[in-house]
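Results of the structural survey
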Amino acid sequence: QGDPSASPRVIHFYGLKGGQARSTVLLLLAKSLADQGLKILVVDADLEAPSLDAALGVAAENPAATLIGLAGWADKVEPISRAYFGESGEGQVDLVACRPRAGAFDIDFGSFL
């Protein structure tokens, strides 16, 4: 929360090897911060094994809520709002998913890769 004019804080999880629980730790941290009343934006950039949408129980229905939307498949990015509500009632986690779940976008996502 704090000063709305303050610069956003960014935490980046990255690694070359899969299966190290980065997504799990990222999601637990995001939920914990939301529980404390903060508004969090999570971007799932795991092209090989995107999973944050499934872990949150949501699905991107169109490219605007995904990485391919960020890359030009949409006019503006519209994250999945309130993919998680914090325990405080004020915090939330919004999500930019890796890809749309609809099979109609499989070729678009393949081109993106």
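In the block above lies the structure referred to throughout.
Here we summarise the structure given alongside this text. These numbers come from a predicted model, not from an experiment.

**Observations concerning helix 1 (residues 22–35)**
Since the α-helix packs 3.6 residues into each turn, any two residues three or four apart lie on the same face. For helix 1, built from 14 residues, the straight-helix expectation of 20 Å at 1.5 Å per residue is met to within 8% by its first-to-last C-alpha distance of 20 Å. If you follow the buried residues of helix 1, they end up packed against strand 1 (39–43), helix 2 (52–56), strand 2 (80–85) and strand 3 (92–96).

**Section: the nonpolar core**
V42, L52, L56, I80, V93 and L95 are the most contacted members of the largest nonpolar core, which has 16 residues in total. When contributions to this core are tallied by element, the ones reaching two or more residues are helix 1, strand 1, helix 2, strand 2 and strand 3. A per-element tally of this core places helix 1 first, with four residues. Those residues within four positions of V93 in sequence are excluded, and the remaining contacts are A30, K31, A34, I40, V42, I80, R82, A83 and Y84.

Reading the values: the criteria
Residues numbered from 1 in each chain as written. Predicted model: local features only at pLDDT ≥ 70, side-chain atom pairs only at ≥ 80, totals over all residues. Heavy atoms only, no water. Helix = DSSP H or I, 4+ residues; strand = E, 2+ residues; numbered from the N terminus. Expected span 1.5 Å × (residues − 1). Contact = heavy atoms within 4.5 Å. Core = buried A, V, L, I, M, F, W, Y, C linked by side-chain atoms within 4.5 Å. Buried < 20%, exposed > 50% of the residue type's maximum accessible area, 1.4 Å probe, protein only.

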